[in-house]
Every structure is written in structure tokens, then in C-alpha cells.
Amino acid sequence: MKTINRILLVSIIILQVSCSTSKTANGSAVSASKTNKKITVYTTAENTNLRLSLSDNLISKSTAQQTKSTVSISLDADKTDQTFLGIGGAITDASAEVYAKLSPKKQQEFLTAYYDKNKGIGYTLARTNIHSCDFSSDSYTYVAEGDKDLKTFNIDHDRKYRIPLIKSAIETAGGKLTLFVSPWSPPAFMKDNNDILHGGVLLPEFAQSWADYYVKFIRAYEKEGIPVWGLTIQNEPMAKQRWESCIYTPEAERDFLKNFLGPTLEKEGLSSKNVIIWDHNRGDMLTKRANLVFSDPAVSKYAWGIGFHWYETWNGGTPKFESVGEVHEAFPNKNLLFTEGCIEKFDASRFQFWGNAERYGLNMINDFNNGTVGWTDWNILLDQNGGPNHVGNFCFAPIHADTTKDELIYTPMYYYIGHLSKFIRPNAKRIIQTISDKKLISTSFKNSDDTIVTIVMNQSDKEIVYSLINHNSKNTITIPAHAMQTIVY
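Just so it is clear, the model here is predicted, and its values are computed rather than measured.

S.K.: It is not clear to me how the overall build of the chain should be interpreted in this structure. Could you clarify?
M.R.: Helices and strands together make up the secondary structure of the chain, namely 13 helices and 22 strands. Taken over C-alpha atoms, the radius of gyration comes to 23 Å for the chain, in line with the 23 Å a tight globule of 489 residues would show. C-alpha extents for the chain along the principal axes are approximately 75 × 50 × 40 Å. The burial tally for the chain puts 59% of its 489 residues in the buried class. Sequence separation of 24 or more characterises 73% of the internal contacts of the chain that already satisfy a separation of 6 or more. Element-wise, carbon and sulfur atoms account for 50% of the exposed surface of the chain, whose accessible area totals about 19200 Å².

As C-alpha cells, this is what we get:
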């Protein structure tokens, strides 16, 4: 454990240094603001001390080294696709409760690590739950049981932990955070199983009351000074879970949006809120939901886009990235948003397991290359046990807190996410590119200030030399084994 703690301490120090005066691979300090170079490389690699570290020494200078290139990445910055919304994570009850147990010094370190774009990884996107979810310490709602008219509605529960954390995140992010909200289940009395857990469906006689519930939540949060950008209709609407859950068939979700939620938001002056359908896994159902809603003008007008998760691989299958691309191609004027993903089956011995980070890199790069505009991780913070969670559904987060020692544990996932979130900024445009060999995966964006950001990931056991080509410019770069790189130029 002492060895792990030393490694974590070194990683944290390297991250803090690398954002202003970054270290190269040979340890020499270089001020990022004074390099004046046409191309800058940042690297995170397994079995090294590189963690989002400035590593321009990996740019090949000699002709001999340049001839060793085995992969070429070619892009044309004039050919672009979707507009980037942001990257972030969910501020759940669990995250807020763990955060509250940290000392003020560690709380500030945590906020800076995620939300400061200069000293941290610059999160700009957030999700939070409408009353309880599995990552709450208990089940709760905002109304008394049976209160169809919502006269007892209040968010006092959230004022203790969650609202203070969201406010602090917004402040650290520079005063703006794109926040969307999601319910896991209506209150028990509104469902056919009279249970907030274990699936069930919304009873027709409570459809309007449930639509009004979203409105009350949005207004209550905005009264607290927390702007709500958008909402999903239902978290994982095809999953009957032992925690908060509710089933919507494609037709039921369409009809609820068309006849209740959409008109209610419009009537209440909240039509600017961005409504996201589905909010479940990639695959056939993603395309089915999109076709059903987006092909019907009467309901499509209420839908900003469609959200999805990555858990379609639960039974051993592969990620269905192609379904994301199919929706983007069929409905280019609608938006695709990754709304949740995490590493499940928590095991404290795997805090530094590199494969977890590579799963993030693989999913993020492929989702963006298939038209996704934003990417939202699950819990931003969990404790040393992967919780709290009221049904024992423990999992990993990019940062954990050992609340018994007042320590933060930075996992490799944090740095891999940071390779995108820190450098690709809202309103960037994805650049169309080609790659000559599947040894590497890559995506590129052009920021509003015309800087180009290329992300490259190497999942192999060997370092790879590759060429990065944009119009008439060509740079040859070495990426270590099991590494992520960000090239800014």
C-alpha cells in the first residue's frame, strides 16, 4: 500500500506541474506558455512517469527516425463534422457525500483537478439525478407519497450535499457548466408496481403529474442558481433493476414526450431545455428509438437528440459504435450524447489497472468519430469502496477518495479522459481524418481559436512511430506502448 501511495503522490504532483510548467520525458521543465512551437505533444503512458506530461522530445527530428514511421494519420482541417458540446461526469449523491467528507484542502484539489481548465482537465459538462438513483445512500423523492398535485414538492434533501458541490463545480469551471438532469424512476405511487425500484411502468393517470415534476425540479435548481441545460426522459428505460428504474417501450417514451413532457415544457416557458431520448445502451434499440421519434415531426420538434451508454457489452459482446454512426448519418441535424459509462465490479486492487483507461480511450475516440457531440462519465468521485450505493452496486470512478486517510486516488482513467477534455473545447469542430493502420486509433478537432487537437491512442505492447499529416505539414512522432497522446498545433 505504501508503494501505491507513493505512485499516486507522484502522479498528482506530475499532473499539477504539467499544466503550467510541464515536464518532458527526460525530466526537464518547459513552460507551456513559452515554447512557441508549432506542435506540442502531451503523453500519458503505462510504466512511465508521464501523466498528461509535455513530451515534445517524442517528435522525431532526424530523417533516419522519420523513416521508421509505420502509421500515418492524415487530416484536412477544412473538412469538418459535428460541433463539440463538452466532456464531463455525473455529480451524484454518492459523489457529493464523499466530497463532503474531505478536508477543505482536498476538496479544493478535487475541484481543481476536474474543473479548472488550466490546472486540471477542464470538465465543461455535467449530469445529475432527479431524486434518488443507485448511487444515493437511500431511496427518496421530493414529494410525500400519494401527492399527485405535487404540493409537497421540495429539494431540501439535495441542499445538504449535492447542490453545494454542483455550485462549487460551476464556480471552478469559470461560472458555466452544461448540466443535464435525469430521473431513474417516478415516485412509487405513480407506477403500476407501486415501487420506486424494480422497473414497473408509469401509470397513464400520472403522466401529467410526472411531466410537472420535471418542471418543478428544473425551476427549483435554477432558483438555487444552478442553470439546467437539458434533461433525459428516463435513465435506462429498458432495464428492470433492483435499484430505481422504470420501463418505457419506444412507443411509450415517444407518446410521453409528444403528449405530456414536450407540451408541458413549452407551456411553462421551458422549451429551450434540451430533451434527450433513450439514455440507454448503443445497439439496435438506439437506432429504433431514433427512427421512431426523429421521423415524426410532431414529436421530433421536442427532441434535441439521443443519449446512450456503453453497457451493451455486459454479455461479452463488442461495443456497437456503428449504431451511433448510423443515427448520425440518418439524422445529421439531431445530436448524439454519451450520457453514462463506468467500470463496474469494483476491486480496490485495480485502481491503477491500465486496461480501464484504455476502455475509456477506445470508447471516447470511436464515439466522437461516429458523430457524438459530448461525452459524460458516471460518478466523478467515489470512496475507497466504490460507493456509497444503497444496493451494493459498487464501481470505479476516475478519482476515488480514501475518506479514512483524507487522500485522493487518481486512476489512469482520469488522465485518459483529460487528454480530450482539457484540450478540446466547446464549439470545436471534429475534423475528418484517415488512419493507415489499426495499430493506433485517433480523432481530431479544430477549436474556435483555430488550434487543432489530435488524440492518438496506442493499445499495443510496443512503441509506434507515426506520421501526422495536415495539408503540406508532416510531423513524425513516437507514442510509447499503452499510451495516450494529445498533439496541439
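S.K.: Would you mind showing me how to read the sheet that holds strand 15 (residues 399-402) here?
M.R.: Note on sheets: strands pair through backbone hydrogen bonds, and any given pair is parallel or antiparallel. Read across the open sheet, the three strands follow the order 14-15-16; overall the sheet is mixed. The sheet terminates laterally at strand 14 (382-383) and strand 16 (407-410), the two strands that pair on one side only. Two strands pair when backbone bridges link them, and strand 14 and strand 15 are joined in this way by two bridges, in the parallel orientation. From the neighbouring strand, Asp383 faces strand 15, where its bridge partner is Ala401. Along the sheet, helix 4 (residues 104-115) makes contact with strand 15 and strand 16, crossing strand 16 at roughly 20°.

S.K.: What exactly am I supposed to notice about the environment of Leu362 here?
M.R.: Locating Leu362 in the fold gives a position in helix 12 (residues 354-369). Expressed as a C-alpha distance, the spacing of Leu362 and Pro319, which sit 43 residues apart in the sequence, is 9.6 Å. Among all residues touching Leu362, those that are not within four sequence positions of it are Phe321, Ile441, Met457 and Gln459.

S.K.: In this structure, what is going on with the pairing of strand 12 (residues 335-340)? I would like to understand it.
M.R.: Taken across its six residues, strand 12 has six buried, putting it largely inside the fold. Two elements, strand 11 (residues 303-309) and strand 12, share five bridges in a ladder whose sense is parallel. Along strand 12, the bridge assignment pairs Gly307 with Leu337. As for the winding sense of the linkage, the β-α-β connection from strand 11 through helix 11 (residues 321-330) to strand 12 is right-handed. The pairing of strand 12 with strand 13 (residues 372-379) spans three bridges and is classified as parallel. Considered in strand 13, the bridge of Leu336 is made with Thr372. Viewed along the sheet, the connection from strand 12 through helix 12 into strand 13 turns out right-handed.

S.K.: Please clarify how the packing of helix 8 (residues 250-267) against helix 9 (residues 284-294) should be interpreted in this entry.
M.R.: Axes are the key here: two packed helices are described by the angle between their axes and the distance separating the axes. Relative to each other, helix 8 and helix 9 sit at 40°, their axes nearing to 10 Å. The orientation of helix 8 with respect to helix 9, classified from their angle, is oblique. The two elements helix 8 and helix 9 cross, and the hand of that crossing is right-handed. Across the interface between the two elements, Pro250, Glu251, Glu253 and Arg254 from helix 8 touch Met285, Lys288, Arg289, Leu292 and Val293 from helix 9.

S.K.: For this particular structure, what's the right way to read the sheet that holds strand 12?
M.R.: If you walk around this closed barrel you meet the eight strands as 6-7-8-9-10-11-12-13, and the pairing is parallel. With direction set aside, neighbouring strand axes in the sheet form an average angle of 25°. As judged from the six bridges shared by strand 10 (residues 274-281) and strand 11, these two strands associate in the parallel manner. Residue pairing for strand 11: Val275 is matched across the bridge by Ala303. Across the sheet, helix 9 is in contact with strand 10 and strand 11; its angle to strand 11 comes to roughly 170°. Strands strand 6 (86-90), strand 11, strand 12 and strand 13 of the sheet are contacted by helix 12, whose axis makes an angle of about 155° with strand 13.

S.K.: In this structure, what is going on with the pattern of salt bridges? I would like to understand it.
M.R.: Applying the stated rule across the entire model yields 17 salt bridges. Of the charged contacts in the structure, one is a salt bridge between Asp255 and Arg254, with a shortest N-O distance of 2.9 Å. Lys258 is the salt-bridge partner of Asp296, the closest N and O atoms lying 3.7 Å from each other. Within this pair, whereas Asp296 is found in the loop between helix 9 and helix 10 (297-300), its partner Lys258 is found in helix 8, the two being separated by 38 residues in sequence. Connected via shared salt-bridge partners are Asp156, Arg159, Lys167 and Glu224.

S.K.: What exactly am I supposed to notice about the nonpolar core here?
M.R.: A general feature of soluble globular proteins is that nonpolar side chains tend to end up buried together. Ranked by internal contacts, the top residues of the largest apolar core, which has 121 residues, are Phe110, Phe256 and Leu381. Broken down by element, the residue count for this core peaks at ten residues, all from helix 7 (residues 207-223). If we ignore the near neighbours within four places in the chain, the residues touching Leu381 are Ala94, Ser95, Val98, Tyr99, Leu102, Phe110, Ala397, Ile399, His400, Ala401 and Leu408. By size, the runner-up hydrophobic cluster in this structure holds 19 residues, among which are Ile39, Val71, Ala77 and Ile477.

S.K.: For this particular structure, what's the right way to read the pairing of strand 21 (residues 473-479)?
M.R.: The side chains of a regular strand alternate, residue by residue, between the two faces of the sheet. As defined by bridge partners, strand 20 (residues 464-470) adjoins strand 21 across seven bridges and the pair is classed as antiparallel. From the neighbouring strand, Val465 faces strand 21, where its bridge partner is Thr478. Linking two consecutive strands that pair antiparallel, namely strand 20 and strand 21, is a turn of two residues; a positive phi of about 55° is found at His471 within it.

S.K.: Any chance you could explain helix 4 here in plain terms?
M.R.: Its twelve residues place the ends of helix 4 16 Å apart at the C-alpha level, agreeing with the 16 Å of an ideal helix rising 1.5 Å per residue. Most of helix 4 is tucked away, with nine of its twelve residues classed as buried. Among all positions in helix 4, only Lys106, Gln107, Glu109, Phe110, Leu111, Thr112, Ala113, Tyr114 and Tyr115 are buried.

S.K.: Please clarify how the side chain of Thr264 should be interpreted in this entry.
M.R.: Structurally, Thr264 can be placed in helix 8. A polar contact of 3.0 Å, which involves the side chain of Thr264, links it to the side chain of Gln208. Only 2.6 Å separates the side chain of Thr264 from the backbone oxygen of Phe260, close enough to count as a polar contact. With residues up to four places along the chain from it excluded, the contact list for Thr264 reads Gln208, Ala211, Asp212 and Val215.

S.K.: Help me out: how do you make sense of the packing of helix 9 against helix 11 in this one?
M.R.: For the pair helix 9 and helix 11, interaxial distance at closest approach is 8 Å and the crossing angle is 15°. When the interaxial angle is binned, helix 9 and helix 11 end up roughly parallel. Once helix 9 is placed against helix 11, the crossing between them reads as right-handed. Here Leu286, Thr287 and Ala290 of helix 9 lie close against helix 11, whose contacting residues are Ser323, Val324, Glu326 and Val327.

About the criteria used
- Residues numbered from 1 in each chain as written.
- Predicted model: local features only at pLDDT ≥ 70, side-chain atom pairs only at ≥ 80, totals over all residues.
- Heavy atoms only, no water.
- Helix = DSSP H or I, 4+ residues; strand = E, 2+ residues; numbered from the N terminus.
- Rg over C-alpha atoms; globule rule 2.2 N^0.38 Å.
- Buried < 20%, exposed > 50% of the residue type's maximum accessible area, 1.4 Å probe, protein only.
- Contact = heavy atoms within 4.5 Å.
- Areas by Shrake-Rupley, 256 points an atom, 1.4 Å probe, with all protein chains shown as cover.
- Pairing = 2+ DSSP bridges.
- Axes fitted to C-alpha atoms, helices over the stretch in contact; angles between N-to-C directions.
- Right-handed = clockwise from strand over helix to strand, strands pointing away.
- Parallel < 35°, antiparallel > 145°, perpendicular 65-115°, else oblique.
- Left-handed = near helix turned anticlockwise from the far one by under 90°.
- Salt bridge = Lys/Arg side-chain N within 4 Å of Asp/Glu carboxyl O.
- Core = buried A, V, L, I, M, F, W, Y, C linked by side-chain atoms within 4.5 Å.
- Expected span 1.5 Å × (residues − 1).
- Polar contact = N/O pair within 3.5 Å; in protein donor to acceptor, adjacent residues only side chain to side chain.

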